[in-house]
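Descriptive analysis of the structure
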Amino acid sequence: MNTRNILIIISLIILVACSSSNEDQFEYQEEKVLDRIRDEYSMEKFDTLTVVHIDGTQEEILVEDAPFYGSEKGTKFIKSGESRLEKREEALMAEKKQKIKEERIKRYESFSDEELLEEFNRLREEDASFSQQMDVIIELERREVIGRDEVPSMLEEDSTMIDYDLEYNPESMD
């Protein structure tokens, strides 16, 4: 092989290497992206990626700083990650709301409907904390002792101020 042919072959190799798409440098998996040197990118928070380097060190970078940001597959990965985070957030919120409801039911299980209504009236007279009054009234509404439309007037509050998923901790001070 002469020098000219070697230069042509080297030029072709360089040309192919330089023209290979950015997409070829990354392996896209469902919840992570691996680059050629095996750094691993995952999305655990909105707007940031966690990068675990091959040596085990870890850092967070902005999504915009990812080397695959703006590519077609990179955009799909980021949108998929955001969707997973939203679903996870919604599931955690639903779980928290369910736990709040279960704790409220347990807190007032020893009260009859009439006793609970008397407890609410006593709390109103004593000007107890709003969150405690709301906790009792929400349980009365859940038991259908009162209707949802009665809650605002009984609390003397605008209906937009009533949080039916209010977390109330009797041990904490308001």
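Described below are features of the structure shown in this document.

Parameters and conventions
For every chain, the first residue of its written sequence is number 1, and the numbers climb from 1 along that sequence. Residue-level local features of this predicted model are given only where pLDDT is at least 70; pairs of side-chain atoms are given and counted only at 80 or more, and the full residue set underlies all totals for whole chains, interfaces and linings. The basis for every side-chain value is the complete set of heavy atoms in the structure, and neither hydrogens nor water enter the calculation. The working definition used for a salt bridge is a side-chain nitrogen of Lys or Arg within 4 Å of a carboxyl oxygen of Asp or Glu. The buried label goes to any residue with under 20% of its type's maximum accessible area, the exposed label to any with over 50%, and the partly exposed label to all in between, with areas taken from a 1.4 Å probe on protein chains only. We count a stretch as a helix when DSSP gives it H or I for four or more residues in a row; a strand needs E for two or more, and each element gets its number in order from the N terminus.

What follows covers the pattern of salt bridges. Applying the stated criterion across every chain, the model contains 16 salt bridges. Put simply, Lys 32 and Glu 40 hold a salt bridge, and the shortest N to O gap is 3.5 Å. Owing to a relative accessible area of 28%, Lys 32 belongs among the partly exposed residues under this scheme. Glu 40 gets classed as partly exposed once you look at its relative accessible area, which sits at 26%. Arg 107 is the partner of Asp 135 in a salt bridge, and the nearest nitrogen-oxygen pair spans 3.0 Å. With Asp 135 in helix 4 (residues 130-142) and Arg 107 in helix 2 (residues 72-107), this residue pair connects regions lying 28 residues apart in the sequence. A single salt-bridge network, built from bridges that share partners, covers Asp 113, Glu 139, Arg 142 and Arg 143.

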